[in-house]
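# Working through the structure, step by step
What follows is each chain in one-letter form.
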Amino acid sequence: MDRRPTEPGRSSRAYSRPVPSFSAVQRLVITIAVLASFVTFLDGTVVTVALPAIRDELGGGITTQQWVVDAYLITLSALILLAGSLSDAYGRVRIMRIGLIAFGIASVAVAAAPEPLTLIIARALQGAAGALLVPSSLALIMATMRGELQSRAIGVWTAFTTGAQIAGPLLGGLFVDLLSWRFVFLINVIPIGITLFLLARLHLPDQPRGARVDWWSGMLCAVGLGAVVFALIEQPNLGWSSPAIWLPGVIGVALFVAFLVRQPRSPAPLMPLSLFNARNFAWGNLATLFIYAALSLNGFVIGVYLQEGAGLSATAAGLASLPITILMILLSSQAGAWAGKLGPRLFMTVGPLMMAAGALLLLTVSHDFSYWWQVLPSMIILGLGLSLTVAPLTSAVLGAIDENRSGIASAVNNAISRVAGLIVVAMLSTIVGGTLDLDGFHNAAWVTAALMALGGVISWIGIRRVPAQPAEAEAPLRP
């Protein structure tokens, strides 16, 4: 905290509420948290513009493209809850280090894949490693900062990690056009190496807590989600009447219901249902479900249609969403600070509604394609809305839960956002009408706008302002 004395002739009121600044340790924590999560979010979207190149080299149609995306999301979504428990039980730094090493190995396996099946399996392993990174990185921030500092830190984390999701198509496009789609996945090695080096310099108490981990719940969640997604992806090919579709679908739903039923009875639940007793946590996660479903649908459709429908190169398709990245980096930290002072409700309402308007602007895309008049206005509105939304949303959800459970709270929120993307990509053929042509693109724009608007309305109804905690320059990481 700033303890400067009052200058002569100047009112002491000028220093009555100094702006807190990050300590050296907290800056290191933020850097590590951003880099560790960066690779996870980057690989969720970097593959989008590489899909046509992957199809051309390895074969497969839209179903293979869906599986390349969803294999990653299935394991990321299903195991992120287990990873949250592991982070709380065995230490955030330890779990993060394991996740980074595993993610690097899996990324090399993806880049070396000789055919679609190997690629899909390697992507699933990559998602499993990524699940270890996000909860532990956010838990580090929640454990070392409080109040306004915490909101600002989450804003910084949000700007760069969400920016990674948006910048992914641009980086992917450059590598596809200049080198090969395989290099898209090798770029992870650099940030992983830097993060491991910085982790070695971070000295914080991070002892195992001896907590139990519910491995059975992890299996129920993973297999249940995987079976449901298999049914949704393959349904357009085989039809609901096929036992190969409805049987996995029924089994998957049953296993996921069993997972939910088990949680109140488990001595170490992966998703403690008591967390949803906190109003902002419950409503914030419901808003997350719709908002991130819309973001995933929009990102997939734009990355693929601009190449296959509008005829742009992979780099140009990636550049299409660059305005969103720029606005996120410029505005997210400030939006997080505003939300810390004014509360998250207004931002979580206005932001998604702006994004709904931005999605509707994509209806202007026609056969006579023009990026500057048909796509750029949408990207700008989407970027402004996203900048207002994500940091306040993260702060509202995690700020509603005690720091001791920040790992599992972060895991639940991230799992819900990934499941949202997982399901909407699995339903892509149904949403676009079987083919991602111009009519399918417009159908996706309508669905994206509707999902965004629902997210804004839910936020206005459910989110309430929580009294701010005093900002602390230091908050020890509890073992």
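Counting starts from 1 at the beginning of each chain's written sequence and moves along it residue by residue. Local features in this predicted model are restricted to residues whose pLDDT is 70 or higher, and side-chain atom pairs enter the listing and the counts only when it is 80 or higher, whereas totals over whole chains, interfaces and linings include all residues. Derived side-chain values reflect all non-hydrogen atoms in the structure, with water molecules and hydrogen atoms excluded from consideration.

### So, the overall build of the protein
So the rule is basically this: A run of H or I in DSSP becomes a helix once it reaches four residues, and a run of E becomes a strand once it reaches two; helices and strands are each numbered from the N terminus. Exposed residues in this analysis have more than 50% of their type's maximum accessible area, buried residues have under 20%, and partly exposed residues fall in between, with area computed by a 1.4 Å probe over protein chains only. The contact criterion used is simple: two residues touch if any of their non-hydrogen atoms lie within 4.5 Å. Note that accessible areas follow from Shrake-Rupley with a 1.4 Å probe, and for residues the cover is restricted to the protein chains shown.
For the protein, the count of helices and strands is 19 helices and zero strands. Buried residues in the protein amount to 58% of all 479 residues. In the protein, of all internal contacts separated by at least 6 residues, the share reaching a separation of at least 24 is 85%. Accessible surface, the protein: about 18700 Å² in total, of which carbon and sulfur atoms supply 68%.

### A few points about a nonpolar patch on the surface
Stated precisely, the cut-off is as follows: Each patch is assembled from residues with relative accessible area greater than 30% and no salt bridge, linking like charges that lie within 9 Å and nonpolar side chains (Val, Leu, Ile, Met, Phe, Trp, Tyr) that lie within 5 Å. Any carboxyl oxygen of Asp or Glu within 4 Å of a side-chain nitrogen of Lys or Arg constitutes a salt bridge here.
A contiguous nonpolar patch, built from V108, L174, L178, L179, F183, L186 and V189 and spanning about 620 Å² of accessible area, is present on the exposed surface. For the nonpolar patch, the secondary structure elements donating two or more residues are α7 (147-178) and α8 (183-186). Relative to the assigned elements, V108 resides in helix α4 (residues 92-111).

### Structural notes on the pattern of salt bridges
Side chains that carry opposite charge are capable of pairing whenever their charged atoms lie near each other. Counted by the stated rule, this structure contains one salt bridge. Between E57 and R182 there is a salt bridge, with the nearest N and O atoms lying 2.8 Å from each other. Linking E57 in helix α2 (residues 51-58) with R182 in the loop between α7 and α8, this pair joins segments that are 125 residues apart in sequence.

### Overview of the confidence of the model for the protein
In plain terms, the rule: Each residue carries a pLDDT score, the predictor's confidence in it, ranging from 0 to 100.
With 86% of its residues at a pLDDT of 70 or more, the protein has an overall mean of 79. Within the protein, α7 has the poorest average pLDDT of any element, 72, and helix α15 (residues 345-361) the best, 93. Note that residues 1-16 has pLDDT below 50 and, in this model, 10 contacts with residues that lie over four places away or in other chains. Counting interchain partners and residues more than four positions distant, the pLDDT-below-50 stretch residues 468-479 has 42 contacts.

### Observations regarding the packing of helix α1 (residues 24-45) against helix α9 (residues 189-201)
Heads up, the rule is: Comment: axis = line fitted to C-alpha atoms, over the contacting stretch for helices; angle = value between 0 and 180 degrees taken between N-to-C directions. Each angle gets one of four labels, with under 35 degrees taken as roughly parallel, over 145 as roughly antiparallel, 65 to 115 as roughly perpendicular, and the rest as oblique. Two helices cross in a left-handed way if the nearer one is turned anticlockwise from the farther one by less than a right angle. They cross in a right-handed way if the turn is clockwise. Polarity classes work like this: nonpolar for Ala, Val, Leu, Ile, Met, Phe, Trp, Tyr, Cys and Pro, charged for Asp, Glu, Lys and Arg, and polar for all others, with Gly in that last group.
It is at 9 Å that the axes of α1 and α9 come closest, and there the two elements cross at 150°. Between α1 and α9, the interaxial angle falls into the category roughly antiparallel. The handedness of the crossing between α1 and α9 comes out as left-handed. Of α9, the residues touching α1 (which contributes L28, T31, I32, L35, A36 and V39) are P191, I192, I194, T195, L198, L199 and R201. Considered class by class, the residues forming the contact of α1 with α9 number 10 nonpolar, two polar and one charged.

### A closer look at the packing of α4 against helix α5 (residues 116-130)
Packed helices, taken two at a time, are described by the angle their axes make and the gap between the axes. In contact at an axis separation of 8 Å, α4 and α5 are set at 165° when each is read in the N-to-C sense. With respect to each other, α4 and α5 are oriented roughly antiparallel. Helix-helix and strand crossings are classified by hand; for α4 and α5 the assignment is left-handed. Across from G99, A102, F103, A106, S107, A109 and V110 in α4, the residues of α5 making contact are L119, A122, R123, L125, Q126, A129 and G130. Across the contact of α4 with α5, the residue classes tally to nine nonpolar, four polar and one charged.

### Here's the deal with the environment of W157
Assignment of secondary structure puts W157 in helix α7. On the basis of relative accessibility, which here comes to 4%, the residue W157 falls in the buried class. In the structure, W157 is positioned 123 residues away from V34 in sequence and 5.4 Å away in space, judged by C-alpha atoms. Leave out the neighbours within four places in its chain, and W157 touches A33, V34, S37, F41, V134, S137, L138 and I141.

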